Structures are given as structure tokens and as C-alpha cells.
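Residue strings, one per chain:
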Amino acid sequence: MNSSTAVRTARRRTLRVAAAALTAAAALALTACSGSDAAGAKSASHSDTAKAAVKFSGASSSAGLPGSDAQVSAGAKADAKTGATGKQSGSAHAANGGRAASPVRTQRLADGISKAEIYQLGEQHYRAKIVARGSVLATMETKGHDDGLDANDMFVTLTLDGQVHSWMGGGRQGPGTFKLAGGWTAKVTKLGELRYRAQIIGHDGVAATLETNQHDVGLDANGISIVLSSGGVISAHE
């Protein structure tokens, strides 16, 4: 091999080595770049996942925190529902409790001005409203016994069967013993302030006792209506 041939062969080997080196370097660069991109993509994906997890976790935590929007909203809905129910229940209750039943009858009283509106509340349970010029002046009610009222010298009784009797005058001021209509005698004694007792005496002794306790009382004694006021005035009417 002459010297020129040897030189050309050496150059070709050098070029091949250089080309191989360049190829290897390019491959390494591509590999490194690819690895970097993958790592970046993986990192970005992990970051997005982490953000999503934080967002989800935050929403979940917020829903359970006192004062959070989610809880306030749920509470507001619950309150609104409860409030609506309460309002409805309250309205129903007001309607039932506030709306008075119609009176079974209305009766003019002895003074010619007042009237009694009589309501039946139950078995032997009646209420009478004494009304004049659109205003309720007094209320009477039977609760296991007759009731009575002295309304400025007009006397009214309400019996267990819902009967109303009224008359004007005839009152006697106790204490004392007084003859009453129907052959009855009343022995009135004072027990204290606005407290009087009247023993209703017949042929066989004491048949009934009336006693006030800051409230007028009344009695139907075999068709004789008797009222004893808290001021000790007694009156009877047949």
C-alpha cells in the first residue's frame, strides 16, 4: 500500500468514527430530551392531579365545616322547610284555635240591650258570652256546675244544660238571712275580701251551698235561678 492510499483509508476511518460519534451524541440528546419531556409531562400530570385532589378535598372539607357555604345552604333549605312547616302548622293552629265555633243560639237578656251568645263546648259544658253593642262584657262557663253573674243589677244564670235565665233587681246585700223565691232561704256569710258563702236552705235543711272566690256564682234550684255576687249580693228569680 503506497502512502497516498494509506492516507485516504485513515481519513475514511476518521470520518466514520466521527459520524458514529455524532449519531451516538444525537441519540443521547434525543433520549435525554425525550426523558425530560416525559418527566415534565409526568410532573405536569401529577401537578394537575394534585390540584384536582386539593380542589375536591377542599370542597368536601368545606361542606363539613361550620359556616361553610354548603352547610349554610343546606341549613337554609332545612330552615326554610322547617319554617314553612312551622308556619303552616302555626297557621292551622291559629285558624283552629282563633276561629270560634258558631253559637248554638243567641238570647236577648232582661235589660233589653245585652244578649247572650251560647256555645256548647262538650257534654254539660257551655259558655255564654254577654254581648252589648258589639262588645263582650263578660263570659260565663259551666265546668261541672252552674254559673252566675251580677251585671250591674241584672242577674244571669247559665245551667249545665246550656239554659240562660236573666232578670233585673231583687238583690239583697249580705251578710244576713233572706227569703228567696220558691220558698228557699239564703244564709249569707262573709269569708273574706270578695268571698261570701250562701247556704240555700229548704224544708229539709241545707240543699246547696254557693261560695264566691272573686267570681260571681249561680245555681238553678228546682227551677229557681239564684245568683250570689262576689260582693255578697244575692238574688233569686222564678
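The structure we're discussing is the one just above.
Residues numbered from 1 in each chain as written. Predicted model: local features only at pLDDT ≥ 70, side-chain atom pairs only at ≥ 80, totals over all residues. Heavy atoms only, no water.

What to know about the packing of aromatic side chains
In step 1: Enumeration according to the criterion identifies 1 aromatic pair in this entry.
In step 2: Each ring, one from F155 and one from W167, has its centre 5.9 Å from the other, and the planes form 20°; the classification is stacked. Of this pair, F155 sits in strand 6 (residues 154–158) while W167 sits in strand 7 (residues 164–168), and the two are 12 residues apart along the sequence. Comparing F155 with W167, the two get one shared label, buried. (Phe/Tyr/Trp six-rings, centres within 6.5 Å; stacked < 30°, edge-to-face > 60°. Helix = DSSP H or I, 4+ residues; strand = E, 2+ residues; numbered from the N terminus. Buried < 20%, exposed > 50% of the residue type's maximum accessible area, 1.4 Å probe, protein only.)

Here we look at the nonpolar core
In step 1: Grouped together as the largest cluster of nonpolar side chains are 17 residues, with contacts concentrated most on L180, I200, L210, I226, L228 and I234.
In step 2: Elements that contribute at least two residues to this core include exactly strand 10 (185–192), strand 11 (195–202), strand 13 (217–221), strand 14 (224–228) and strand 15 (233–237).
In step 3: Among all residues touching L210, those that are not within four sequence positions of it are Y196, R197, A198, I200, V217, G218, L219, I226 and L228.
In step 4: Among the nonpolar cores identified, the runner-up in size contains 13 residues, and I118, I130, M140 and M154 belong to it. (Core = buried A, V, L, I, M, F, W, Y, C linked by side-chain atoms within 4.5 Å. Contact = heavy atoms within 4.5 Å.)

Overview of the sheet that holds strand 5 (residues 147–151)
In step 1: Ordered in space as 5-6-7, the 3 strands form an open sheet in which the pairing is antiparallel. The two strands at the open ends of the sheet, each matched to only one other strand, are strand 5 and strand 7. Put simply, the sheet's adjacent strands are angled 15° from each other on average, direction ignored.
In step 2: In terms of strand pairing, strand 5 meets strand 6 through 5 bridges, oriented antiparallel. Bridge pairing links G148 to T157 in strand 6. (Pairing = 2+ DSSP bridges. Axes fitted to C-alpha atoms, helices over the stretch in contact; angles between N-to-C directions.)

Some remarks on the pattern of salt bridges
In step 1: The tally for this structure, following the rule as stated, stands at 3 salt bridges.
In step 2: With its nearest N and O atoms 3.1 Å apart, the salt bridge here joins R127 to E141. On the criterion of sequence distance, the pair formed by R127 in strand 3 (residues 125–132) and E141 in strand 4 (residues 135–141) is long-range, its members being 14 residues apart.
In step 3: Note that R197 is salt-bridged to E211, the shortest N-O span being 3.0 Å. One end of the pair, R197, is in strand 11; the other, E211, is in strand 12 (residues 205–211), and 14 residues separate them in sequence.
In step 4: Overlapping salt bridges, with partners in common, bring together R195, R197 and E211 in one network. (Salt bridge = Lys/Arg side-chain N within 4 Å of Asp/Glu carboxyl O.)

With respect to the pairing of strand 6
In step 1: In terms of residue burial, strand 6 counts as a mostly covered element, since 5 of its 5 residues are buried.
In step 2: A two-sided burial pattern is seen for strand 6, the buried positions comprising M154, V156 and L158 on one face and F155 and T157 on the other.
In step 3: Linking two consecutive strands that pair antiparallel, namely strand 5 and strand 6, is a turn of 2 residues; a positive phi of about 55° is found at N152 within it.
In step 4: Direction of pairing for strand 6 relative to strand 7: antiparallel, over a ladder of 5 bridges. If you follow T157 over to strand 7, its bridge partner there is H165.
In step 5: In this structure, the hairpin formed by strand 6 and strand 7 is closed by a connection of 5 residues, where G162 is found at a positive phi of approximately 85°.

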